[in-house]
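Observations on the three-dimensional arrangement
Chain by chain, the residues run as shown.
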Amino acid sequence: CIKFSMCSSGTGSSILSALQDLPSASWLSRSKLEKQLQVISVLQWILTFLVLGATCTVALIYMFCTDCWIIAAMYTAWLIFDWNTPKEGGRRSSWVRNWTVWTYFRDYFPIRLVKTHNLLPNRNYVFGYHPHGIFCFGAFCNFGTEATGFSKKFPGIKPSLATLAGNFRMPVLRDYLMSGGICPVNRNSIDYILSHSGTGNAVIIVVGGSAESLDCTPGMNVVTLKNRKGFVKLALQKGADLVPVYSFGENEVYKQVIFEEGSRWRMAQRRLQKLLGFAPCLFHGRGLFSADSWGFVPYCKTITTIVGEPITVPKIEEPSQEVLDQYHAMYVRSLTKLFDKYKTRFGLKESDILLIQ
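Treat the numbers as computed from the prediction; the structure is a model and nothing was measured. (Residues numbered from 1 in each chain as written. Predicted model: local features only at pLDDT ≥ 70, side-chain atom pairs only at ≥ 80, totals over all residues. Heavy atoms only, no water.)

Some details on helix α10 (residues 187–196)
Selection criterion: Only protein chains enter the accessibility calculation, which uses a 1.4 Å probe; a residue whose area is less than 20% of its type maximum is buried, one above 50% is exposed, and one in between is partly exposed. Numbering of helices and strands starts at the N terminus; helices are DSSP runs of H or I of at least 4 residues and strands are runs of E of at least 2. When checking whether two residues touch, look at their non-hydrogen atoms; a contact exists if any pair is within 4.5 Å.
Within the span of α10, buried status applies to S189, I190, D191, I193 and L194. On its buried side, α10 packs onto β2 (125–130), β3 (158–163), β4 (183–184), β5 (201–206) and α12 (230–238). Phi turns positive, to about 70°, at G198, one or two residues after α10.

Spelled out as structure tokens, the structure:
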């Protein structure tokens, strides 16, 4: 799977064309072949997220015990030298962001990006992304790749999706994430992007974080936002406009066991979340070869990401609590309005409401 993801944009199309020149067989029909490639593209991302960092860390340590120790030593030296790059703007690659594998990833669900308003290149932005889902498929596809055409829809705007800082301590994984323009979700990293990279920058923060993922299951429209004000304070301090973003369908791609608040299992999840930095969710999708079996492959459910109207934010280096609460309330109203405006267009009922906790 990882080898496949290393293909260039032209290579993916060449493989598809070459396979279709083979003698005809039912399993080689174009639609079935494309579906297999879509499943592989999604699975490689899940495996990358879950095991690539840990696997490469173990492999690096093991190499020190072999004749290849010099290679491990050279990479470790490079790692030390390059340690601060993720929090200093990263090292994005337009080539990686445009890999053909991401178009297969997009088409599996499929994932769509909807623009509602223009974003000015002479401003910086803080996007609040909701909901988290299990793996943030919509956030990654829309803002970590060019599969849905972000740069064409928002010319002059450079997106930087923020994720767990711990991922950037892992060899190889850190470089893979940086190539997509993904950055650590910490103060230093976001400060650098909004202060040292000029204008036209958009930092995407999944506001609910791992806590919100515990409430992600089909039919649930819950966001963790009521007490999340750090991103608003950051926007005020940098004079970056706030943009609400909601992805319809993000919670539909996996089924999860939701434990009641206060229950023993819920308390265990909360403790592990604080300890590990991510939430241990009990979820399942479909199997690799059959939609009727259980597995890690997500269900094919459309994810539609709506980028809302920007909220103009003044630059206030030390905002008072009153000002912070004011802009947080404006953001909550804007997100709720966005949800209510588009919910019936994307499978929800008029009576469905967005629960903010």
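Still to come is the rest of the account.
A few points about the environment of I61
Among the secondary structure elements, I61 is positioned in helix α3 (residues 30–63). Along the sequence, I61 and Q237 sit 176 residues apart, while their C-alpha atoms lie 42 Å from each other.

Description of a nonpolar patch on the surface
The criterion, for reference: Two joining distances apply to patches: 9 Å for like charges and 5 Å for nonpolar side chains (Val, Leu, Ile, Met, Phe, Trp, Tyr), and every residue must have over 30% relative accessible area and no salt bridge. Accessible areas in this description were obtained via Shrake-Rupley with a 1.4 Å probe; residue shielding takes into account the shown protein chains only. The rule for a salt bridge is simple: a side-chain nitrogen of Lys or Arg has to be within 4 Å of a carboxyl oxygen of Asp or Glu.
Judged by side-chain polarity, F64, W69, I70, I71 and M74 come together as a nonpolar surface patch covering roughly 520 Å² of accessible area. Counting through the fold element by element, I70 comes out in helix α4 (residues 69–81).

Some remarks on the packing of aromatic side chains
Going by this rule: Here a Phe, Tyr or Trp ring, Trp counted by its six-membered ring, pairs with any other such ring whose centre lies within 6.5 Å, and the pair is stacked when the planes are under 30 degrees apart, edge-to-face when over 60, and tilted otherwise.
Taken as a whole and assessed by the stated rule, the structure comprises 27 aromatic pairs. Between W102 and F105 the ring centres are 6.2 Å apart and the planes differ by 80°, which places this aromatic pair in the edge-to-face class. Within this pair, W102 and its partner F105 are both found in helix α6 (residues 100–108), separated by three residues, close to a single helical turn. With respect to class, W102 is no different from F105; both count as buried. When the ring of Y108 is compared with that of F109, the centres are 5.1 Å apart and the planes differ by 90°; the resulting orientation is edge-to-face. Note on Y108: relative accessible area 1%, which makes it buried.

Quick notes on the layout of surface pockets
Selection rule: Site definitions follow a grid-based scheme: protein atoms alone, a 1 Å grid, a 1.4 Å probe that fits but cannot get out for cavities, and for pockets an open set with protein on both sides within 12 Å along at least five of seven lines, plus lining residues having an atom within 4 Å of a point. Grid points are joined across faces, edges and corners, and a volume is the space filled by probe spheres set on the points.
Quantified by volume, the second largest pocket comes out at close to 240 Å³. What lines the second largest pocket is a set of 13 residues, and nearest its centre among them are H117, E309, S334, K337 and L338. With six residues, helix α14 (residues 321–342) is the largest single contributor of residues to the lining of the second largest pocket.

Re the sheet that holds β5
Where we set the bar: A pair of strands is treated as paired once DSSP finds two or more bridges between them. Angles here are taken between N-to-C directions and fall from 0 to 180 degrees, while the axes themselves are lines fitted to C-alpha atoms, restricted in helices to the stretch in contact.
The seven strands are arranged β1-β11-β7-β2-β5-β3-β4 in an open sheet whose pairing can be described as mixed. Either end of the sheet is taken by a strand with one partner, and the two such strands are β1 (111–115) and β4. Direction of pairing for β3 relative to β4: parallel, over a ladder of two bridges. Pairing of A162 across the sheet is with C183, part of β4. Taken strand by strand, α12 contacts β2, β5 and β7 (241–248), and its axis lies near 145° from that of β7.

Quick word on empty space enclosed by the protein
Under the convention used in this document: Residues are grouped as follows: nonpolar covers Ala, Val, Leu, Ile, Met, Phe, Trp, Tyr, Cys and Pro; charged covers Asp, Glu, Lys and Arg; every other residue, Gly included, is treated as polar.
Considering all chains together, one arrives at two cavities of 30 Å³ or more under this definition. Considering only enclosed or pocket space, the largest cavity measures out at about 70 Å³ in volume. If you go around the largest cavity, the residues you meet are W45, V96, W102, F140, G144, T145, Y176, L177, S179, G180 and I182. The biggest single contributor to the lining of the largest cavity is helix α9 (residues 173–179), with three residues. Looking at the lining of the largest cavity residue by residue, the classes come out as seven nonpolar, four polar and no charged. Approximately 40 Å³ is the volume found for the second largest cavity. Looking at the second largest cavity, the residues that line it are G89, G90, R91, R92, S160, M178, G181, I182, C183 and I193.

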